[in-house]
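# Structural characterization, general
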Amino acid sequence: QQPVQSPQAVILREGEDAVINCSSSKALYSVHWYRQKHGEAPVFLMILLKGGEQKGHEKISASFNEKKQQSSLYLTASQLSYSGTYFCGTPMIYNQGGKLIFGQGTELSVKP
Amino acid sequence: GAVVSQHPSWVICKSGTSVKIECRSLDFQATTMFWYRQFPKQSLMLMATSNEGSKATYEQGVEKDKFLINHASLTLSTLTVTSAHPEDSSFYICSASLAGGPSTQYFGPGTRLTVL
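Residues numbered from 1 in each chain as written. Chains lettered and ligands numbered in written order. Predicted model: local features only at pLDDT ≥ 70, side-chain atom pairs only at ≥ 80, totals over all residues. Heavy atoms only, no water.

Looking now at the overall build of chain A. Helices and strands together make up the secondary structure of chain A, namely zero helices and 11 strands. Here the C-alpha atoms of chain A give a radius of gyration of 13 Å, agreeing with the 13 Å that 2.2 N^0.38 yields for 112 residues. Each principal axis of the C-alpha distribution contributes one length, and for chain A these read about 40 × 30 × 20 Å. Buried positions account for 43% of the 112 residues belonging to chain A. Taking as baseline every contact in chain A between residues at least 6 positions apart, the subset at least 24 positions apart corresponds to 54%. Only carbon and sulfur atoms are counted for the fraction: they give 49% of the accessible area of chain A, which is about 5800 Å². Where the 11 positive side-chain charges of chain A centre and where its 8 negative ones centre are 7 Å apart. (Helix = DSSP H or I, 4+ residues; strand = E, 2+ residues; numbered from the N terminus. Rg over C-alpha atoms; globule rule 2.2 N^0.38 Å. Buried < 20%, exposed > 50% of the residue type's maximum accessible area, 1.4 Å probe, protein only. Contact = heavy atoms within 4.5 Å. Areas by Shrake-Rupley, 256 points an atom, 1.4 Å probe, with all protein chains shown as cover. Lys, Arg positive; Asp, Glu negative; His and termini not counted. Charge placed at Lys NZ, Arg CZ, Asp CG, Glu CD.)

Residues and elements named next belong to chain A. Within the secondary structure, His32 sits in strand β4 (residues 31-36). Note on His32: relative accessible area 0%, which makes it buried. At 3.3 Å, the side chain of His32 forms a polar contact with the side chain of Ser30. (Polar contact = N/O pair within 3.5 Å; in protein donor to acceptor, adjacent residues only side chain to side chain.)

All names here are of chain B. Pairing within the open sheet is antiparallel, and its four strands lie in the order β1-β3-β8-β7. At either margin of the open sheet sits one strand with a lone partner, and together these are β1 (4-7) and β7 (67-73). Across the sheet, the axes of successive neighbouring strands diverge by a mean angle of 15 degrees, strand direction being ignored. Alignment of strand β3 (residues 19-25) against strand β8 (residues 76-81), held across six bridges, turns out to be antiparallel. Of the residues in β8, the one forming a bridge with Ile21 is Leu79. (Pairing = 2+ DSSP bridges. Axes fitted to C-alpha atoms, helices over the stretch in contact; angles between N-to-C directions.)

In this section: the interface of chain A and chain B. Across the boundary between the two partners, chain A contributes 21 residues, which contact 23 residues of chain B. With both chains or domains summed, chain A and chain B bury close to 1500 Å², and 60% of this area falls on carbon and sulfur atoms. Here chain A and chain B share two salt bridges between them. Linking chain A with chain B are four residue pairs in polar contact (both at pLDDT 80 or more). Looking at side-chain class alone, the side of chain A that touches chain B contains 10 nonpolar, eight polar and three charged residues. (Buried area = accessible area lost by both parts, 1.4 Å probe. Salt bridge = Lys/Arg side-chain N within 4 Å of Asp/Glu carboxyl O. Nonpolar A, V, L, I, M, F, W, Y, C, P; charged D, E, K, R; others polar.)

All names here are of chain A. Spatial ordering of the open sheet is given by β1-β3-β8-β7-β6, a layout of five strands whose pairing is antiparallel. Only two strands of the sheet have a single partner each, and these edge strands are β1 (4-6) and β6 (54-57). Taken pair by pair, the neighbouring strands of this sheet meet at an average axis angle of 15 degrees, ignoring direction. Two strands pair when backbone bridges link them, and β6 and strand β7 (residues 60-65) are joined in this way by four bridges, in the antiparallel orientation. For Lys55, the partnering residue across the bridge sits in β7 and is Ala62.

These values are about where atoms sit, not about what they do.
Right under this line is the structure:
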């Protein structure tokens, strides 16, 4: 079952914050976040493995709530380079050799 | 580290011809590689899992005789689109995961296929 992302799209001004959510109807064992720019392949951002885990890199961070079966990606003080489509990916079945199923994506546009 | 390359970056072919796309892990060995197809403004759709030394595992609805996958070595997997038709036009992306890792996938740059 494909995880559900919200919102589908968001437009920001440079310096504003955004939150992208990813939720699943099935148990989540890990959540992977990727960003894809137009015409390019997805780029790995981070992986969250444990319930309650939070991670961050510079001004992009994420949290994982295993009980609620959801993860959120936080982009603070957004930059123009943050524009792109963000995907969350979750394992299809626990430990099934890395197969991921991706959400439908959230298109983020950062304007100057 | 964890760099994946694809070749070619784009290809235009006539209907009925076959097209081969290569996916290589440049600085690591990948026992498992994945092939995705992505239509404009849509998500990544997993087509098949490519396992080194064994047959690929195809997702439901993907024709294995049309999309031939060969994983000849720990660093190379190929996808051949046989008898391509215009509806096969898409962005094809491969990914590879590190053996023993938490299934993080590293994506190749993708191949844009246009069938005329």
